[in-house]
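Single-letter residue listing:
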Amino acid sequence: MTPEEMMAQACKRLRAAGVEEPRGDAQKLWRVVFPRRYDDCDDLCNGATFEAFFDLVERRAKREPMSHLIGLRDFYNHRFIVSSNALDPRPDTETLVALALEQGFSRVLDLGVGSGCILLSLLAEREAATGVGVDVSEAALEVAHQNRAKLELEHRCDLHVSDWFQSVEGTFDLIVSNPPYIAADEIADLQAEVRLYEPRIALTDEGDGLSHYRKIIAEHDPYLRAGGRLLMEIGPTQGAAVREMMVSSGLYQVAVHPDMDGRDRVVAGRKRT
Ligand SMILES: C[S@@+](CC[C@H](N)C(=O)[O-])C[C@H]1O[C@@H](n2cnc3c(N)ncnc32)[C@H](O)[C@@H]1O
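What counts, and at which threshold
- Residues numbered from 1 in each chain as written.
- Predicted model: local features only at pLDDT ≥ 70, side-chain atom pairs only at ≥ 80, totals over all residues.
- Heavy atoms only, no water.
- Helix = DSSP H or I, 4+ residues; strand = E, 2+ residues; numbered from the N terminus.
- Buried < 20%, exposed > 50% of the residue type's maximum accessible area, 1.4 Å probe, protein only.
- Contact = heavy atoms within 4.5 Å.
- Areas by Shrake-Rupley, 256 points an atom, 1.4 Å probe, with all protein chains shown as cover.
- Expected span 1.5 Å × (residues − 1).
- Arc of directions from axis to C-beta.
- Salt bridge = Lys/Arg side-chain N within 4 Å of Asp/Glu carboxyl O.
- Near = heavy atom within 4 Å.
- Polar contact = N/O pair within 3.5 Å; in protein donor to acceptor, adjacent residues only side chain to side chain.
- Lys, Arg positive; Asp, Glu negative; His and termini not counted.
- Axes fitted to C-alpha atoms, helices over the stretch in contact; angles between N-to-C directions.
- Parallel < 35°, antiparallel > 145°, perpendicular 65-115°, else oblique.
- Left-handed = near helix turned anticlockwise from the far one by under 90°.
- Nonpolar A, V, L, I, M, F, W, Y, C, P; charged D, E, K, R; others polar.
- Disulfide = S-S within 2.5 Å.

A word on the overall build of the chain
Move 1: Scanning the chain for helices and strands turns up eleven helices and nine strands.
Move 2: When its C-alpha atoms are laid out on the principal axes, the chain stretches across 70 × 40 × 30 Å.
Move 3: Out of the 273 residues belonging to the chain, those deemed buried represent 50%.
Move 4: A separation of at least 24 residues holds for 63% of the contacts in the chain among residues at least 6 apart in sequence.
Move 5: When the accessible surface of the chain is split by element, carbon and sulfur atoms take 48% of a total near 12800 Å².

Structure representation (structure tokens):
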């Protein structure tokens with residue numbers, strides 16, 4: 001088979017499976033397997049490379065996310081290792097990172113660190129800061145460890161298992177979290193790429209989508225230094241509810257911030273001095 005025939009067959013398979021961008025995805029998968037553009041690969045289109053390419057095409061046809069097939073995802077200023085063990089970093093989450101960086105901090109806690117995309121992005125931008133990332137999922141923490149090593153941040157970043165604050169020690173002037181906020185009855189409506197391939201524990205609280213906010217906001221006080229900030233990512237309909245929780249807990253300067261698409265995405269509050 002020539003490279004052109006392989007690409008045509010791949011596009012046909014992906015289109016038939018309902019993949020949104022069959023040609024773009026096929027080209028990206030080509031680059032995973034072949035070192036050169038597809039119109040310059042006649043000598044390589046056989047045996048193991050042929051099989052490796054169509055193996056990826058078949059996985060994509062089953063709606064495995066492109067980032068999992070490629071193994072990498074660009075987020076904020078870095079390229080993160082991704083896998084099905086941790087939530088794929090979302091562009092929406094860059095809003096939280098940008099807001100956190102608007103002000104100074106020296107010690108940051110990330111609750112539900114996942115791949116490490118938030119915490120490691122923050123530490124990479126602030127050379128004097130140190131941080132702690134916790135997650136209840138050991139599999140997710142393994143991905144965070146890989147990214148910590150990739151960004152060479154081992155000396156400033158501690159990662160460990162914890163059910164929210166349960167095993168957290170010390171105090172922080174910045175606490176960030178992107179907790180699972182999809183309600184259990186909304187899971188069925190998610191794209192196949194998310195529903196089938198993201199860890200369920202990273203998506204939903206198995207309740208109304210707000211229970212993790214209730215817990216984190218109720219328990220944050222001993223860990224947040226006076227004048228410190230709590231920033232939490234939210235789903236677009238949760239701004240008013242999470243804002244109210246933060247105000248009721250005694251935080252002030254509480255505000256809901258939009259993402260790049262203008263949808264509510266982050267609620268931020270500050271502890272009184
Ligand atoms: C929405 S993902 C966010 C991951 C990453 N921070 C990001 O923004 O891409 C939520 C994370 O919270 C973790 N998580 C869920 N329940 C938890 C709990 N009770 N304690 C700590 N982490 C939890 C999940 O394993 C998952 O990694």
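Still more to cover.
Some words on helix H3 (residues 47-61)
Move 1: For H3, with 15 residues, the first-to-last C-alpha span of 21 Å sits near the 21 Å given by 1.5 Å per residue.
Move 2: By the burial criterion, the buried members of H3 are Phe 53, Phe 54, Leu 56, Val 57, Arg 60 and Ala 61. Down the axis of H3, the smallest arc covering the buried residues is 150 degrees, so these residues share one side. Turned more than 90 degrees from where H3 packs its buried face, Ala 48 and Glu 51 sit exposed.
Move 3: Contacts from the buried residues of H3 go to helix H1 (3-16), helix H2 (22-33), helix H4 (66-70) and helix H8 (192-197).
Move 4: The positive-phi residue at the C-terminal boundary of H3 is Arg 63, with phi of around 75 degrees.

Some thoughts on the pattern of salt bridges
Move 1: Counted by the stated rule, this structure contains 18 salt bridges.
Move 2: Among the ionic pairs, Arg 79 bridges to Asp 74, the shortest N-O distance being 2.6 Å.
Move 3: Looking at Asp 74, the relative accessible area reads 47%, which means it is partly exposed.
Move 4: Of the charged contacts in the structure, one is a salt bridge between Arg 265 and Glu 233, with a shortest N-O distance of 4.0 Å. Taken together, the residues Arg 265 in strand E9 (residues 264-270) and Glu 233 in strand E7 (residues 224-233) connect sequence positions 32 residues apart.
Move 5: By relative accessible area, Glu 233 is classed as buried at 3%.
Move 6: Bridged by salt links that share partners, the residues Asp 92, Glu 233, Asp 259, Asp 261, Arg 263 and Arg 265 form one connected network.

A closer look at the site of the ligand
Move 1: Inspection of the region around the ligand gives 18 residues, with Gly 112, Asp 135, Asp 163, Trp 164 and Asn 178 positioned closest.
Move 2: Here a nitrogen atom of the ligand sits 2.8 Å away from a polar atom, N or O, in the main chain of Gly 112.
Move 3: Between the ligand and Asp 135, the relevant distance is 2.6 Å, taken from an oxygen atom to a side-chain nitrogen or oxygen of the residue.
Move 4: Bound to the protein, the ligand loses 96% of the 590 Å² it would expose on its own.
Move 5: Only helix H6 (117-125) and helix H9 (200-203) provide two or more residues apiece to the shell around the ligand.

Digging into the side chain of Asp 205
Move 1: Note that Asp 205 resides in the loop between H9 and helix H10 (211-219).
Move 2: Here Asp 205 sits buried without a salt bridge, and the closest side chain of opposite charge, Arg 214, lies 5.6 Å off (N-O distance).
Move 3: Only 3.0 Å separates the side chain of Asp 205 from the backbone nitrogen of Gly 209, close enough to count as a polar contact.
Move 4: Within the structure, Asp 205 has its side chain in polar contact with the side chain of Ser 211 (distance 2.6 Å).
Move 5: Apart from residues no more than four positions distant in its own chain, Asp 205 is found in contact with Pro 180, Ile 182, Ala 183, Leu 210, Ser 211 and His 212.

Observations concerning the packing of H1 against H3
Move 1: Running from N to C, H1 and H3 point in directions that differ by 20 degrees, and their axes come no closer than 9 Å. In terms of orientation, H1 lies roughly parallel with respect to H3. The crossing of H1 and H3 is right-handed. From H1, Met 6, Met 7, Gln 9, Ala 10, Arg 13 and Leu 14 reach across to H3, where they touch Phe 50, Phe 53, Phe 54, Val 57, Glu 58, Arg 60 and Ala 61.
Move 2: Classifying every residue of the contact of H1 with H3 gives nine nonpolar, one polar and three charged.

Looking at the environment of Lys 62
Move 1: Along the chain, the position of Lys 62 falls in the loop between H3 and H4.
Move 2: Distance from Lys 62 to Leu 196, taken between C-alpha atoms, is 9.5 Å for residues 134 residues apart in sequence.

Overview of the state of the cysteines
Move 1: This model, assessed by the stated rule, comprises zero disulfides.
Move 2: In this structure Cys 117 is a free cysteine whose sulfur lies 12 Å from that of Cys 157, the closest cysteine sulfur available.
Move 3: Here Cys 117 falls in the buried class, since its relative accessible area comes to 9%.

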